[in-house]
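# Residue-level structural notes
Read off the chains here:
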Amino acid sequence: MGFHSVGTPSPLYATVVRNSICEVTQMSYQAANPLADDFELELGGAWTAYWLAFLRVVTGWWFFHAGVTKLIEDGLAYSYGPMYLKQMTGTALGPIPVLMGEHLGWLIQAMVPLGETLIGLGLMVGALVRLASVFGVFFMSLFWIGNAGFGHGLVNSDFMGLLLFMTMIVLATGRYYGLDAIIEKTKLVKRHPKLRYLLG
Amino acid sequence: MQQHTTVIDKAAMALSGGLMLLGVVVLGIVEILAGKPYSAAPLTNDAGEIIATPMVDPTLRTGLVLAGLLVLALYGVYRLVAPMKTETATTQQEITAD
């Protein structure tokens, strides 16, 4: 059926054809972006930016709260830190946590509250997010293995926290309403583009 | 923008993903099929006595996940050390058809 055979198509016919073409185009499955037809979720999209920034701030608050309350109560002498590491025997980390607890006790006492606070702050303001999240993964690995709350399987809240920090690294969430978006435009970062692996 | 993955990128993704999924999912299925306890912790009675232990040692499973994370960490270090991928600035020339 061609247009030439019936002359000028009626407005109704033209609308039906146009709608059919649109429907076929929109219904086509896009392997690169399976959500494209239902919900715009491109990495540069508004909803993506909103959600990743929200997730980053909440994750940051989680660590900031944990760190700052330790600072308020114990200052830089969080004695439970080395004790916690010393009891981590027979884990997949081998003797590493116990050795850390025995020989780096003074550092652990200060770095647990300070580290948690700085990681949380970094994530909340969106500065040095990837670097902060690497330390977040390190902390969460120790908590996941140390707490060993595997009663309902390996995937528990500690592991989900670990995955949250991994997500911050993979998706460079500091670039969404975060200071890293501004920092990455500075001359220093443009001269040393590898800094973006620590920012973002 | 199209991203190009190198062999190293693919190897890092495959190895880290494989190790972590093996530790969490595959051995998790094995644990379920082996009967109680279905999780990676020993089962105790009301008195606190252990009545069943996991078939797969949780140390092995967590170790596999940590190994996967280690692969990703090493990949991150590699990306920091290796020269950056430079985008070849190619401009398309318009050629008149014959």
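Residues numbered from 1 in each chain as written. Chains lettered and ligands numbered in written order. Predicted model: local features only at pLDDT ≥ 70, side-chain atom pairs only at ≥ 80, totals over all residues. Heavy atoms only, no water.

## Describing the overall build of chain A
Rules: A run of H or I in DSSP becomes a helix once it reaches four residues, and a run of E becomes a strand once it reaches two; helices and strands are each numbered from the N terminus. Only protein chains enter the area calculation, which uses a 1.4 Å probe; residues under 20% of their type maximum are buried, those over 50% are exposed, and those in between are partly exposed. In these tables, accessible area is a Shrake-Rupley quantity obtained with a 1.4 Å probe, and a residue counts as shielded only by the protein chains included in the view.
Tallying secondary structure elements over chain A gives 10 helices and 0 strands in all. The N-to-C order of helical and strand elements in chain A reads α-α-α-α-α-α-α-α-α-α. In chain A, buried positions account for 36% of the 200 residues. Total accessible area computed for chain A in this model is approximately 11,900 Å², and 70% of it derives from carbon and sulfur atoms.

## Regarding the nonpolar core
Filter applied, for reference: Grouping buried Ala, Val, Leu, Ile, Met, Phe, Trp, Tyr and Cys residues that are joined through side-chain atoms within 4.5 Å yields what is termed a nonpolar core. Contact between two residues is taken to exist if any of their heavy atoms lie within 4.5 Å; hydrogens are not considered.
Core analysis: the largest hydrophobic core is formed by 33 residues, its most contacted members being Ile119(A), Leu123(A), Trp144(A) and Phe165(A). At the level of elements, helix H3 (46–74), helix H4 (80–86), helix H6 (105–125), helix H7 (129–147) and helix H8 (157–171) of chain A together with helix H1 (7–33) and helix H2 (58–81) of chain B are the ones that each hand at least two residues to this core. Ranked by residues supplied to this core, first place goes to H7(A) with 8 residues. When near neighbours in sequence (up to four residues on either side) are disregarded, Ile119(A) contacts Phe63(A), Ala132(A), Phe135(A), Gly136(A), Phe139(A) and Phe165(A).

## Thoughts on the packing of aromatic side chains
Residues and elements named next belong to chain A. How we decide: Each pair of aromatic rings taken from Phe, Tyr and Trp, with Trp reduced to its six-membered ring, is defined by centres within 6.5 Å and is described as stacked if the planes are under 30 degrees apart, edge-to-face if over 60, and tilted in the remaining cases.
On inspection of all chains with the given rule, the structure shows 16 aromatic pairs over all chains. Ring geometry for Tyr 78 and Tyr 80: centres 6.2 Å apart, planes at 75 degrees, overall edge-to-face. For Tyr 78, a relative accessible area of 15% corresponds to the buried category. When its relative accessible area of 43% is taken as the criterion, Tyr 80 is described as partly exposed. One aromatic cluster is present, formed by Trp 62, Phe 63, Tyr 78, Tyr 80, Tyr 84, Phe 138, Phe 139, Phe 143 and Phe 165 through successive ring pairs.

## With respect to the interface of chain A and chain B
Quick note on the threshold: Note on definitions: buried area is the accessible-area loss of two parts on being combined, 1.4 Å probe, summed for both. Whenever Lys or Arg places a side-chain nitrogen within 4 Å of a carboxyl oxygen from Asp or Glu, that contact is recorded as a salt bridge.
With 21 residues of chain A at the interface, the matching set in chain B holds 20 residues. Taking both partners together, chain A and chain B bury about 1,600 Å²; carbon and sulfur atoms supply 79% of that area. Linking chain A with chain B are 0 salt bridges, by the criterion used here. Within the residue set of the side of chain A that touches chain B, elements represented by two or more residues are H7 and H8 of chain A.

## Digging into the packing of H3(A) against H6(A)
Residue and element names in this part refer to chain A. Put simply, the rule is: Inter-axis angles, ranging from 0 to 180 degrees, are taken between N-to-C directions of lines fitted to C-alpha atoms, where helices are fitted over the stretch in contact. Any angle that is under 35 degrees is reported as roughly parallel, and any over 145 degrees as roughly antiparallel; angles of 65 to 115 degrees are reported as roughly perpendicular and all others as oblique. Throughout, a crossing is termed right-handed when the near helix is turned clockwise from the far one, and left-handed when it is turned anticlockwise from it by less than a right angle. Under this grouping Gly is polar, as are all residues other than the nonpolar Ala, Val, Leu, Ile, Met, Phe, Trp, Tyr, Cys and Pro and the charged Asp, Glu, Lys and Arg.
Across the interface, H3 lies against H6 with an axial gap of 7 Å and an inter-helix angle of 150 degrees. One way to sum up the angle between H3 and H6 is to call them roughly antiparallel. Of the two elements, H3 crosses H6, and the hand of that crossing is left-handed. Each of Arg 56, Val 57, Thr 59, Gly 60, Trp 61, Phe 63, Phe 64, Ala 66, Gly 67, Val 68, Lys 70 and Leu 71 in H3 lies in contact with H6, whose residues at this interface are Val 112, Pro 113, Glu 116, Thr 117, Ile 119, Gly 120, Leu 121, Leu 123, Met 124 and Val 125. Tallied by class, the residues present in the contact of H3 with H6 amount to 14 nonpolar, 5 polar and 3 charged.

## A look at the side chain of Lys70(A)
Residue and element names in this part refer to chain A. Selection rule: We call two N or O atoms a polar contact when they sit within 3.5 Å, provided that within protein one can donate a hydrogen and the other can accept it, with sequence-adjacent residues counted only if both atoms are side-chain atoms.
Residue placement: Lys 70 occurs in helix H3. Here Glu 116 takes part through its side chain, which lies 2.9 Å from a polar atom of the side chain of Lys 70. Those residues in contact with Lys 70 that sit more than four places away from it in its chain are Gly 75, Tyr 78, Val 112, Pro 113 and Glu 116.

## Remarks on the pattern of salt bridges
All names here are of chain A. The final tally for this structure, using the stated rule, is 2 salt bridges over all chains. When the shortest N-O distance is used, the salt bridge between Glu 116 and Lys 70 registers 2.9 Å. Placement of the pair is Glu 116 in helix H6 and Lys 70 in helix H3, with a sequence separation of 46 residues. Take Glu 116 and Lys 70: they sit in the same class, and that class is buried.

## Considerations on unusual backbone geometry
Going from Lys36(B) to Pro37(B), the amide bond is cis rather than trans, its omega being -5 degrees. Mapped onto the secondary structure, Pro37(B) falls in the loop between H1 and strand E1 (43–44). Unusually for a residue other than glycine, Leu128(A) sits at a positive phi of about 50 degrees. Position of Leu128(A) among the secondary structure elements: in the loop between H6 and H7. A relative accessible area of 41% means that Leu128(A) is categorised as partly exposed. Within the chain, Ala148(A) stands out as a residue other than glycine whose phi angle is a positive 45 degrees.

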